[in-house]
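The residues making up each chain are set out below.
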Amino acid sequence: PSQPVAAAQPPAPSLENLPLYWQLPLNIRKDLPALKLSMHVYNEAPDKRFVILNGNRQKEGDDLGADVRLAEIRVDGAVLEFHGQRFLVPRGGS
């Protein structure tokens, strides 16, 4: 008889080392719209994650306008993408 296989734990999400919003080169920052993260909700289930960015509720994959896309919501903040550059807007403004 075969042994039951234990359910594999999903790997812990690796936190890609990204520049913070204010660490981006000036030539990128000057073209970005203002970004105010006022709420950050992380959950292991991606469909339960959301942020309030500039007063709007957003989920992963949303287009925020001005060529900005919410790529990922991580435990430490929101990963945005602008003209191919990924960066982090940290939770709590830190």
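Residues numbered from 1 in each chain as written. Predicted model: local features only at pLDDT ≥ 70, side-chain atom pairs only at ≥ 80, totals over all residues. Heavy atoms only, no water.

Read from one edge to the other, the open sheet built from 3 strands follows the order 1-2-3, with strand pairing classed as antiparallel. The open sheet has two edge strands, strand 1 (37-41) and strand 3 (56-58), and neither has a second partner. Across this sheet, the average inter-strand angle for adjacent strands is 15°, counted without regard to direction. (Pairing = 2+ DSSP bridges. Helix = DSSP H or I, 4+ residues; strand = E, 2+ residues; numbered from the N terminus. Axes fitted to C-alpha atoms, helices over the stretch in contact; angles between N-to-C directions.)

With respect to topology, 4 strands assemble into an open sheet ordered 4-5-6-7, the strand pairing being antiparallel. The open sheet has two edge strands, strand 4 (63-65) and strand 7 (85-90), and neither has a second partner. Here the strands of the sheet are splayed against their neighbours by 35° on average, with no regard to which way each runs. As paired strands, strand 6 (residues 77-82) and strand 7 are joined by 6 bridges and run antiparallel to one another.

With respect to the element layout, His-40 can be found in strand 1. At a separation of 2.7 Å, a polar atom in the side chain of His-40 contacts the main-chain carbonyl oxygen of Arg-74. Within the structure, the side chain of His-40 is placed 3.5 Å from the backbone nitrogen of Gly-77, a separation counted as a polar contact. What His-40 contacts, discounting residues up to four positions off in sequence, is Phe-50, Val-51, Ile-73, Arg-74, Val-75, Asp-76, Gly-77, Ala-78 and Arg-91. (Polar contact = N/O pair within 3.5 Å; in protein donor to acceptor, adjacent residues only side chain to side chain. Contact = heavy atoms within 4.5 Å.)

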